[in-house]
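# Secondary and tertiary structure notes
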Amino acid sequence: MGEGVLTDAYARRDGALYCEGVPAEEIAREAGTPAFVYSASVIRDRYLKLTGALGGVPHRVHYSLKANSNRAVLKLLRQMGAGVDVVSGGELFRALRAGFSGRDIIFGGVGKTERELREALQADVKLINVESEAELRLLSHIATELGVTAPVGFRINPEVAVANAHAFIATGSKGHKFGIPFGDAIGAVRTALKLPNIRILGLDMHVGSQLSTFDPYRAGLARMAELASEMVAMGTTLKFVDIGGGLPVSYGEGASDPDLDNYATLITPAIKALGAELLVEPGRFFTAASGVLLTRVLYRKQSGGKTYVIVDTGMTELLRPSHYSAYHLIEAVKPNGARLVADVVGPVCETGDFLALDREMDDVAPGDLVVIHTTGAYGYVMSSNYNARPKAAEVVVDGDRYAVVTARESYEDLVRLEQDNPTWRTA
Ligand code: LLP
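Residues numbered from 1 in each chain as written. Predicted model: local features only at pLDDT ≥ 70, side-chain atom pairs only at ≥ 80, totals over all residues. Heavy atoms only, no water.

### Re the packing of helix H7 (residues 185–194) against helix H8 (residues 215–233)
Between two packed helices, the angle of one axis relative to the other and the distance separating the axes together describe the packing. At a minimum axis separation of 10 Å, H7 and H8 run at an interaxial angle of 30°. Taken as axis vectors, H7 and H8 run roughly parallel relative to one another. Classified by chirality, the crossing of H8 by H7 is right-handed. Across the interface between the two elements, Ala185, Ile186 and Val189 from H7 touch Leu227, Glu230 and Met231 from H8. Along the lines of polarity and charge, the residues of the contact of H7 with H8 split into 5 nonpolar, no polar and 1 charged. (Axes fitted to C-alpha atoms, helices over the stretch in contact; angles between N-to-C directions. Helix = DSSP H or I, 4+ residues; strand = E, 2+ residues; numbered from the N terminus. Parallel < 35°, antiparallel > 145°, perpendicular 65-115°, else oblique. Left-handed = near helix turned anticlockwise from the far one by under 90°. Contact = heavy atoms within 4.5 Å. Nonpolar A, V, L, I, M, F, W, Y, C, P; charged D, E, K, R; others polar.)

As structure tokens, then:
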């Protein structure tokens, strides 16, 4: 992994933190806390760097919108020329709402329902990455019923060794639930060739997230090449090779952003040899470093020799620390120069509700604003209403302008779907 590619959108002026040209303090005043703040320039910059690095081969970037599916973020990426990768009917709906057309959309996911497959076909998506023979048969059946041809990619499990940040985000090793087991892939192709209304277009893999080396791509591509030559011998042509997402980002001390030239050097010859268009599906690479979670300190207290900093956000907005033991850099918007060691915790009634444990950080007092960095991906999208906490606001900053692009939920929103007078039926 090489030098960082991040445009540093979060810098200090006169000791106070800004997002691009906007003081964090002003955003907190207007949008309240907790709020997710995203820098548009970071997203654009990263898009340009990745498409630039992959310039040697025909390719398309399909942003994995599970990382952050905010409509404003999606529009920004669409305007840059990105397509998207979706994994549910809801994500497909969000993508279409943000102005993407079917041709911009790859539909993936290990458990697609009949309804979702139908919706994907009706939206005329570019590619449906199929994960089992049973799914293939269902898709063929629905496509026949609709009188269309299903554009199929085979998501295979390349069964390669993956070293990454946490076991929960590894996906491409033997025995994982994702993809068609490598040894079954050719059988699935044979089945597809016999089924009506199926057009074989590609091969797909996603070896995991937050990859600490690019070796899994190399190994996975080699395995895809093995399958590709067998498939060609069976009379199919491969239009697309989709290598998934997984580009890592730096979450703070010790890590650095991926070396995109290395990534491209590794991938390009394999793609050229396959003679297909390269599809990539990174999610966090675009949005993680664009975002911070802006929160306010509520209290400080001592317990059992520990210092607790209690803030107005928690696992309901940012699950990553408690779910993956993830590290996110935390700093004061206006540091006073002193340091402390504390557990930074939220208001949720769970001992697992923490943002950082035993963290050396800026000294902060009740009322101070704090930012939790690198939270633009897998932050808001993984949030919940546990403890009846309304979802946070989302703000996009672009230069010296900013807008609340998702309003904070109200208490009314929490009960919106509950029926005052439910219809009781008798069995
Ligand atoms: N393509 C497929 C098929 C995927 O399953 C994923 C992520 C991606 C692309 C995008 O991966 P990325 O480039 O963002 O690493 N919630 C976890 C991450 C789960 C990722 C699931 N799949 C986290 O907070 O780290």
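### Observations regarding H7
Looking at H7, one finds that the buried residues are Ala185, Ile186, Ala188, Val189, Thr191 and Ala192. Buried-residue contacts for H7 involve helix H6 (133–146), strand E9 (150–157), strand E10 (180–181), strand E11 (198–204) and H8. (Buried < 20%, exposed > 50% of the residue type's maximum accessible area, 1.4 Å probe, protein only.)

### As for the domain arrangement of the protein
According to the domain assignment, the protein consists of domain 1 (10–32 + 290–414) and domain 2 (40–286). One C-alpha centre belongs to domain 1, the other to domain 2, and the line joining them spans 32 Å. Both faces combined, the contact of domain 1 with domain 2 buries some 1800 Å², and carbon together with sulfur accounts for 54% of it. Ranking the residues of domain 1 by area buried against domain 2 places Ser290, Tyr324 and Tyr378 at the top, with a combined share of 30%. Between domain 1 and domain 2 we count 1 salt bridge in total. For Arg44, the salt bridge identified is with Asp398, shortest N-O distance 2.7 Å. Scanning the region where domain 1 abuts domain 2 turns up 8 residue pairs in polar contact (both at pLDDT 80 or more). Those elements giving two or more residues to the side of domain 1 that touches domain 2 turn out to be helix H11 (320–324), strand E20 (393–398) and strand E21 (401–406). (Domains from an automatic or database assignment. Buried area = accessible area lost by both parts, 1.4 Å probe. Salt bridge = Lys/Arg side-chain N within 4 Å of Asp/Glu carboxyl O. Polar contact = N/O pair within 3.5 Å; in protein donor to acceptor, adjacent residues only side chain to side chain.)

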